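Each chain is listed here by its residues.
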Amino acid sequence: MNLRSIVGTIVVVAAVAACGGSKNEGGASGTGTGTGTGTGTGTGKTTDTGGAKARWLAAAWTPTEVDLDGVKVKVDVPDGLPANPEYMLGKDWWIGATAEPPSFPAGPRLTLDRPKEKTFDADALARDVEPDADRADLVEIARETLTDGRVRYVSATNGSRHLDVTVWIPLPDGSRGIRCNAHWWAGSATKEPKVAPPPDAAILDWLKKFCDSVHVAAAPAQ
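Residues numbered from 1 in each chain as written. Predicted model: local features only at pLDDT ≥ 70, side-chain atom pairs only at ≥ 80, totals over all residues. Heavy atoms only, no water.

## Let's talk about the state of the cysteines
Chemically, a disulfide is nothing more than a covalent bond linking the sulfur atoms of two cysteines. A full pass over the atoms with the stated rule returns one disulfide. There is a disulfide in this structure between cysteine 180 and cysteine 211, and the S-S distance comes to 2.1 Å. Its S-S torsion of approximately -90 degrees makes the covalent link between cysteine 180 and cysteine 211 left-handed. With cysteine 180 in strand E8 (residues 178-185) and cysteine 211 in helix H4 (residues 201-212), this pair connects stretches of sequence that are 31 residues apart. In this pair, the class of cysteine 180 matches that of cysteine 211, namely buried. (Disulfide = S-S within 2.5 Å. Helix = DSSP H or I, 4+ residues; strand = E, 2+ residues; numbered from the N terminus. Buried < 20%, exposed > 50% of the residue type's maximum accessible area, 1.4 Å probe, protein only.)

Structure (structure tokens):
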């Protein structure tokens, strides 16, 4: 389940296992197999968009090694973004993990897991992230296969209310790969503008940086 779906129905929670349906390495420039564009239907001023953006885009990144169901993975994580101990499907770093009172504060959520699917193509990954391809506020920014075999889907809703970068990373031995999801929630809207702004390119580049940093350090044991 994607975080943007959860936020639409739950205002206050302690912590949830969401995100990842729900983003610089040599193969990160895409040779896209297809891209889509859409139009947003509006977004609002948020409770913390500017503050969260300024903080996290200026944060340093720390190389981190984690275990994903037997696969050793190296990934860069922004300094100060707390790990989410409630997430049981993989590794999750979420600004809301330590929020008091429990809430969905504006900012990032970065997740790594190994779903049951052995592989995704670009279209399948897109629908895994956002099942409703016809939702009026969906902006599809990229649906592509990268030069190193990774598959990437980039999307937004309501202009920049939700920004999402999801990358499927195949493993050399053909076993279940790694799904990287980098998600940005802009916060609670207080006013609806007449025209939705375009997706925030600076935040999208920041999200991509997370998934671009993922490298398999050790293959799963045979």
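## Observations concerning the packing of aromatic side chains
Counted under the stated rule, the structure contains five aromatic pairs. Here tryptophan 184 and tryptophan 206 contribute two aromatic rings whose centre-to-centre distance is 5.9 Å and whose plane-to-plane angle is 85 degrees, an arrangement assigned as edge-to-face. Separated by 22 residues along the polypeptide, tryptophan 184 in strand E8 and tryptophan 206 in helix H4 bring together distant segments of the chain. Pair check on accessibility: tryptophan 184 and tryptophan 206 agree, each one buried. (Phe/Tyr/Trp six-rings, centres within 6.5 Å; stacked < 30°, edge-to-face > 60°.)

## A short note on the environment of alanine 83
Structurally, alanine 83 can be placed in the loop between strand E2 (71-78) and strand E3 (90-94). Each C-alpha atom of the pair alanine 83 and tryptophan 94 lies 6.3 Å from the other, and the pair is eleven residues apart in sequence. Here alanine 83 is in contact with Asp92, Trp93 and Ala97, once residues within four sequence places are set aside. (Contact = heavy atoms within 4.5 Å.)

## Describing the nonpolar core
Formed by 39 residues in total, the largest nonpolar core has its most connected members in Trp93, Leu112, Leu207 and Phe210. Looking at this core, the element that brings in the most residues is H4, giving six residues. Core analysis: the second largest hydrophobic core is formed by nine residues, Phe120, Val129, Val151 and Tyr153 among them. (Core = buried A, V, L, I, M, F, W, Y, C linked by side-chain atoms within 4.5 Å.)

Read these as spatial facts, not as claims about activity.
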